[in-house]
Amino acid sequence: MTDNNGIIDVLGVCGSLRKDSYNRMALQAAAELKPETMALDGCELAGIPIYDEDVFQKGFPPAVANFRERIAKADALVIATPEYNFSIPGVLKNAIDWASRPPDQPLNGKPVAIIGVSPGMFGTARAQIHLRQVCAALNMLVLNKPDILIPAAAGKFDENGRLTDETTRKFLADMLVALEQWTRTVRRRD
Ligand SMILES: Cc1cc2nc3c(=O)[nH]c(=O)nc-3n(C[C@H](O)[C@H](O)[C@H](O)COP(=O)(O)O)c2cc1C
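These numbers were taken from a predicted model, which means no experiment stands behind them.

The rules behind each value
- Residues numbered from 1 in each chain as written.
- Predicted model: local features only at pLDDT ≥ 70, side-chain atom pairs only at ≥ 80, totals over all residues.
- Heavy atoms only, no water.
- Near = heavy atom within 4 Å.
- Polar contact = N/O pair within 3.5 Å; in protein donor to acceptor, adjacent residues only side chain to side chain.
- Areas by Shrake-Rupley, 256 points an atom, 1.4 Å probe, with all protein chains shown as cover.
- Nonpolar A, V, L, I, M, F, W, Y, C, P; charged D, E, K, R; others polar.
- Helix = DSSP H or I, 4+ residues; strand = E, 2+ residues; numbered from the N terminus.
- Expected span 1.5 Å × (residues − 1).
- Buried < 20%, exposed > 50% of the residue type's maximum accessible area, 1.4 Å probe, protein only.
- Arc of directions from axis to C-beta.
- Contact = heavy atoms within 4.5 Å.

Trainee: Which residues make up the site of the ligand, and what are the values?
Mentor: Residues in close proximity to the ligand total 13 residues, the closest being Ser 16, Arg 18, Ser 21, Asn 23 and Asn 85. Side-chain polar atom of Glu 83 to a nitrogen atom of the ligand: 2.8 Å apart, as the coordinates give it. The backbone of Asn 85 places a nitrogen or oxygen atom 2.7 Å from a nitrogen atom of the ligand. Considering the ligand on its own, with 610 Å² of exposed area, one finds that the protein chains cover 71% of that surface. Of the residues assigned to the shell around the ligand, the class counts are five nonpolar, five polar and three charged.

This is how it looks when you write it as structure tokens:
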């Protein structure tokens, strides 16, 4: 746990690159709804190259090194994943693959909460199951409950991208409290 006056530092990872991403909007809502004892900064995956073992052998590209450093410094992650073809987007899997490489695998033992937004009816349920499987491979400590599936996105955000659905806001706020408790419970104190 980093010593930051008792504040939990959380890194929000958006699995979508597009400007009007619902998943980024959900992370922005999380930053609004977090407990006072939590700091939540967003992180973008744009600029992370496609994983190539030959490139890895020569050293991490700067965007990857930066992503890994931000993960390492965070006490916990919130990953907001879109659902692409019943799974997680390639851009997110690619970033996780880079972050999983040695040395000092920054995802190992990292507490993480998963959220996801979709315009459709399933709220990224299938993608989240796949992401949990990936997290298990990396020994990440996934918060199991409450799970945050946000379906029918078009009716839940206003034209400025603000999450307006009160039920969803309450779920998200509760999840952030649970993530803080989970992080304080499982994180090794450095
Ligand atoms: C390649 C591709 C595959 C998709 N597959 C699914 C899917 O399996 N299930 C689903 O609910 N939505 C699917 N969608 C729609 C996404 O949920 C939608 O584009 C969503 O807005 C993406 O998240 P974002 O708003 O954060 O970018 C797909 C979109 C793309 C581009």
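Trainee: Account for helix 5 (residues 125-137), with residues named and values stated.
Mentor: With 13 residues, helix 5 extends 19 Å from end C-alpha to end C-alpha; this agrees with the ideal 18 Å at 1.5 Å per step. For helix 5, the full list of buried residues reads Ala 127, Gln 128, Leu 131, Val 134 and Cys 135. Take helix 5 and look down its axis: the buried residues cluster within an arc of 115°, on one side only. Residues of helix 5 that are exposed and point over 90 degrees away from its buried face: Ile 129, Gln 133, Ala 136 and Ala 137. Considering only its buried residues, helix 5 is in contact with strand 3 (76-80), helix 4 (90-99), strand 4 (111-117), strand 5 (141-142) and strand 6 (148-150). A positive backbone phi angle near 60° is found at Asn 139, which sits one or two residues after helix 5.

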